[in-house]
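What the coordinates show
Letter by letter, the chains look like this.
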Amino acid sequence: MVMIFTLVTAVQDKLNEIVDLMKNRREEEKRRIDEEEEEAEKVAFQGTVVTIENFLAWRGRFELEMAELRSKRQKEEEQAGKIKLSGKQLFETDHNLDTSDIQFLEDTGNNVEVDESLFQDIEDLDLDEDDPDFDPLAMGSDED
């Protein structure tokens, strides 16, 4: 009986050691994987250090790409037959646009008439500015 107890205890101790080793290996493996993931994350966030040379090289590539895109868009517009001019370009190329709105109003007969008699007695208006106690800062903002 004593001998069996000793054997069972020895086997149990050995099994406990094996289980502890397995746990330690798993924890060590998990810790290693976590550290590798952290390193990979740091590399992803760190990126390339920006120097004048790196920036100028990137800028050159970027400007080339943008020029290619612009030329491609321009070719597509030319093929479609639609070249959109800006407002400034329209007025620079067609000087009739300067007077076209006025001519349109005259042609349709929509002349705007202004009653100038409404503005003749403007000196008679009672404005707050003539008041000696008038303080424009005390009026407040429009939000009130």
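The shown structure was predicted, so the numbers you read here are calculated from the model rather than taken from an experiment.

Once that is clear, we can look at the overall build of the protein. Summing up its helical and strand segments, the protein has four helices and zero strands in all. Along the protein, helices and strands appear, N-terminal first, in the series α-α-α-α. Within the protein, buried positions represent 0% of all 144 residues.

For the coordinates displayed, the defined rule picks out two aromatic pairs. An angle of 15° between the planes, with centres 5.2 Å apart, marks the rings of Trp58 and Phe62 as stacked. Residue Trp58 and its partner Phe62 are both found in helix H2 (residues 52-80); the two are separated by four residues, about one turn of the helix. Here Trp58 falls in the partly exposed class, since its relative accessible area comes to 42%. For Phe62, a relative accessible area of 37% puts it in the partly exposed group.

What follows covers H2. The end-to-end C-alpha separation of H2 is 41 Å, in line with the 42 Å expected for 29 residues at 1.5 Å each. Taken from the residues just after H2, Gly81 is the one with a positive phi, measuring 85°.

Attention now moves to a negative patch on the surface. Taken together, Asp34, Glu35, Glu37, Glu38, Glu39 and Glu41 make up a surface patch of like negative charges. The residue Glu35 is located in helix H1 (residues 2-46) in this model. According to the relative accessible area criterion, Glu35 is partly exposed, its value standing at 48%.

A few words now on the pattern of salt bridges. Tallied over the full model, the rule gives four salt bridges. The residue Arg31 makes a salt bridge to Glu28 at a minimum N-O spacing of 3.0 Å. Of this pair, Arg31 and Glu28 are both found in helix H1, three residues apart, which corresponds to roughly one turn of the helix. We note a salt bridge from Glu36 to Arg32, for which the minimum N-O separation is 2.6 Å. Of this pair, Glu36 and Arg32 both sit in helix H1, separated by four residues, roughly a single helical turn. With a relative accessible area of 44%, Glu36 lands in the partly exposed category.

Mean pLDDT over the protein: 82, with 81% of residues reaching 70 or higher. Mean pLDDT values over the elements of the protein span from 73, in helix H4 (residues 97-108), up to 92, in H1.

The rules behind each value
- Residues numbered from 1 in each chain as written.
- Predicted model: local features only at pLDDT ≥ 70, side-chain atom pairs only at ≥ 80, totals over all residues.
- Heavy atoms only, no water.
- Helix = DSSP H or I, 4+ residues; strand = E, 2+ residues; numbered from the N terminus.
- Buried < 20%, exposed > 50% of the residue type's maximum accessible area, 1.4 Å probe, protein only.
- Phe/Tyr/Trp six-rings, centres within 6.5 Å; stacked < 30°, edge-to-face > 60°.
- Expected span 1.5 Å × (residues − 1).
- Patch = residues over 30% accessible without salt bridge, like charges linked within 9 Å, V, L, I, M, F, W, Y side chains within 5 Å.
- Areas by Shrake-Rupley, 256 points an atom, 1.4 Å probe, with all protein chains shown as cover.
- Salt bridge = Lys/Arg side-chain N within 4 Å of Asp/Glu carboxyl O.
- Lys, Arg positive; Asp, Glu negative; His and termini not counted.
- Charge placed at Lys NZ, Arg CZ, Asp CG, Glu CD.
- pLDDT = per-residue confidence, 0-100.

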